[in-house]
Amino acid sequence: MSECKIPYKIYLSEEEMPRVWYNVRADMRNKPAPLLHPATHQPMTAEELSAVFCEELVKQELDDTTPFFTIPTEIRDFYKMYRPSPLVRAYCLEEALGTPARIYYKFEGNNTSGSHKLNSAVAQAYYAKNQGLKGVTTETGAGQWGTALSMACSYLGLDCKVYMVKCSYEQKPFRREVMRVYGASVTPSPSESTQVGRRILAEHPGTSGSLGCAISEAVEVATSQPGYRYVLGSVLNQVLLHQSIIGLECKTALDKYGVKPDIIIGCAGGGSNLGGLISPFMGEKLRGEADYRFIAVEPASCPSFTRGRFAYDYCDTGMVCPLSKMYTLGSGFIPAPNHAGGLRYHGMSATLSQLYHDGYMEAVSVKQTEVFEAAEQFARIEGILPAPESSHAIKVAVDEALRCKETGEEKTILFGLTGTGYFDLVAYERFHDGQMTNYVPTDEDLAVGFAGLPKMD
Ligand SMILES: *Cc1c(COP(=O)(O)O)cnc(C)c1O
């Protein structure tokens, strides 16, 4: 089929929509290392994990062998409200860059929560409801996950308690209000309402909080109240599984037109959108059926892949969660407060960490002013106001397209555009006013985080 026949937006019909999620772990020879109990350092059993997470989600978390999981009809029905998400051929961007590369992006910002997080939020809320629970607790950083979960919980009639990183709670009052529109309760973290919050406040008075702190608080509340479980919006294997809907839709849409990407790019915070986007393509690579270049893009201010250690670490600051073997900056690492671009989690998905460690994936880090420059260029050319997180992927996609311009290579580039930036306008304002800086942690800064890694025997 000739190139010009490819539409600006490739959609899928209802019949073409994925009916299963794909579990990339099934095709990995080296499986991600198991979660360990924080006190005994033994692998967490399903029973232990069930005190924190919903039963069905525990099964998904621990299953390294089943390649496909049927998406329950109720979840597929919910997906129909905002999926398939558009896969866009960035003709305008290609022309503006003067590149021979073909650029595609999968846009996940087309729902009210404004990001891909809803894909897993509805799945997790569904399993909680099915188990007869009253509600769920969680943390949120910039607020996208909390918003997505609030939407899913209100749809399913579940209570939703969100611990929101304090600096975001103060800087993003509108995010907080959206969550309250959907009936969630939102508490700034660290708070006085939990033991771990009081402990962190005593040790670090005036702290602006971190995702790691908020996770500890949400877990404490979930495990101390009957009828509640904790849910997490990224990092975990189950979240990558749910997010595989992104990659599966992409692959079906591209296959329809006989398009094969050469390079697949995504931003990496905890790894869920990137993992979801690349999963079906990575599966082909792992099975030796095709080859792709995968690039994870992270902020230079929170560089887990590019400067972190591959080690067992705590997932939270309060050290109540299981240990995960991942690329990490240490659970005590708190990015500089002037870092506005999201993606501030200290660790990374265990699945992606293993794949990166085994050489199946590359990673690069970018500075925040470059990210906002790329964001603005993209907004002006393609029209969408991108989230700062998503713009990390834009930046590297543009760099790769410009490299093709130099070499004359007609590569096909696919990147994940994870969300919209309507709630990030304070960051855009700082960028416009020239107040945005590019603080990059020194090796000494990072050493502080590494010193807090658990001693394993
Ligand atoms: C949460 C979020 C991310 C980063 O999370 P991952 O788990 O790494 O995908 C990226 N973009 C947007 C818009 C987000 O909301």
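Up top is the structure.
To start, this report covers the structure provided alongside it. (Residues numbered from 1 in each chain as written. Predicted model: local features only at pLDDT ≥ 70, side-chain atom pairs only at ≥ 80, totals over all residues. Heavy atoms only, no water.)

## So, the overall build of the protein chain
Of regular secondary structure, the protein chain possesses 18 helices and 15 strands. The C-alpha radius of gyration of the protein chain comes to 20 Å, within 12% of the 23 Å expected for a compact globule of 457 residues. Taken along its principal axes, the extent of the C-alpha atoms in the protein chain is 60 × 50 × 45 Å. A fraction of 77% describes how many contacts in the protein chain between residues 6 or more apart in sequence connect residues 24 or more apart. For the protein chain, the exposed area adds up to about 17100 Å²; of that, 51% sits on carbon and sulfur atoms. Of the charged side chains in the protein chain, 43 are positive and 53 negative, and the gap between their average positions amounts to 2 Å. (Helix = DSSP H or I, 4+ residues; strand = E, 2+ residues; numbered from the N terminus. Rg over C-alpha atoms; globule rule 2.2 N^0.38 Å. Contact = heavy atoms within 4.5 Å. Areas by Shrake-Rupley, 256 points an atom, 1.4 Å probe, with all protein chains shown as cover. Lys, Arg positive; Asp, Glu negative; His and termini not counted. Charge placed at Lys NZ, Arg CZ, Asp CG, Glu CD.)

## Points about the sheet that holds strand E4 (residues 87-89)
Adjacent strands of a sheet pair through backbone hydrogen bonds, lying either parallel or antiparallel. Spatially, seven strands are ordered E1-E4-E5-E15-E10-E11-E14 in an open sheet, and the strand pairing comes out mixed. Whereas interior strands pair on both sides, the edge strands pair on one side only; in this sheet they are strand E1 (9-10) and strand E14 (362-366). As judged from the six bridges shared by strand E5 (residues 102-107) and strand E15 (residues 412-417), these two strands associate in the parallel manner. Paired with Lys 106 across the strands is Gly 416, a residue of E15. (Pairing = 2+ DSSP bridges.)

## Considerations on helix H10 (residues 211-224)
For an α-helix, 3.6 residues make a turn, and residues three or four places apart therefore share a direction. End to end, H10 covers 20 Å across 14 residues, agreeing with the expected 20 Å (1.5 Å per residue, within 8%). Burial runs high along H10: ten of the 14 residues are buried. Within the span of H10, buried status applies to Gly 212, Cys 213, Ala 214, Ile 215, Ser 216, Glu 217, Ala 218, Val 219, Val 221 and Ala 222. Looking at the buried side of H10, the elements it contacts are strand E6 (135-140), strand E7 (159-165), strand E8 (185-189), helix H9 (195-203) and strand E9 (228-230). (Expected span 1.5 Å × (residues − 1). Buried < 20%, exposed > 50% of the residue type's maximum accessible area, 1.4 Å probe, protein only.)

## Notes on the nonpolar core
Judged by nonpolar contacts, the single largest core of 75 residues is most densely connected at Trp 21, Ile 75, Phe 305, Met 361 and Leu 414. Core analysis: the next-biggest nonpolar cluster, separate from the first, contains 27 residues, Leu 93, Ile 384, Ala 401 and Ile 413 among them. (Core = buried A, V, L, I, M, F, W, Y, C linked by side-chain atoms within 4.5 Å.)

## Quick notes on the site of the ligand
Surveying the vicinity of the ligand reveals 18 residues, the closest of which are Lys 117, Ser 234, Ser 272, Asn 273 and Thr 418. Contacts to the ligand include Lys 117, whose side-chain N or O atom sits 2.6 Å from an oxygen atom. Gln 144 is positioned such that a nitrogen or oxygen atom in its side chain is 3.4 Å from an oxygen atom of the ligand. If the ligand stood free it would expose 380 Å²; the protein chains cover 95% of that surface. Across the shell around the ligand, the residue classes tally to four nonpolar, twelve polar and two charged. (Near = heavy atom within 4 Å. Polar contact = N/O pair within 3.5 Å; in protein donor to acceptor, adjacent residues only side chain to side chain. Nonpolar A, V, L, I, M, F, W, Y, C, P; charged D, E, K, R; others polar.)

## Regarding the state of the cysteines
Evaluated as defined, the whole model comprises zero disulfides. With no disulfide partner, Cys 404 has as its closest neighbouring cysteine sulfur the one in Cys 250, 18 Å distant. Cys 404 gets classed as buried once you look at its relative accessible area, which sits at 3%. (Disulfide = S-S within 2.5 Å.)

## Regarding the sheet that holds E7
Here we have four strands laid out as an open sheet, ordered E8-E7-E6-E9, and parallel in their pairing. A single partner strand is all that each edge strand has here, and the edge strands are E8 and E9. In this sheet, adjacent strand axes meet at a mean angle of 25° when their direction is disregarded. Lying over the sheet, helix H6 (residues 144-156) contacts E6 and E7, oriented at roughly 165° with respect to E6. (Axes fitted to C-alpha atoms, helices over the stretch in contact; angles between N-to-C directions.)

## Digging into the packing of helix H15 (residues 368-382) against helix H16 (residues 388-407)
Interaxial distance between H15 and H16 falls to 8 Å at its minimum, and their mutual angle equals 85°. As far as their axial angle goes, H16 and H15 are roughly perpendicular. Here Glu 370, Val 371, Phe 372, Ala 374, Ala 375, Gln 377 and Phe 378 of H15 lie close against H16, whose contacting residues are Pro 388, Ser 391, His 392, Ile 394, Lys 395 and Val 398. Looking at the contact of H15 with H16 residue by residue, the class counts come to eight nonpolar, three polar and two charged. (Parallel < 35°, antiparallel > 145°, perpendicular 65-115°, else oblique.)

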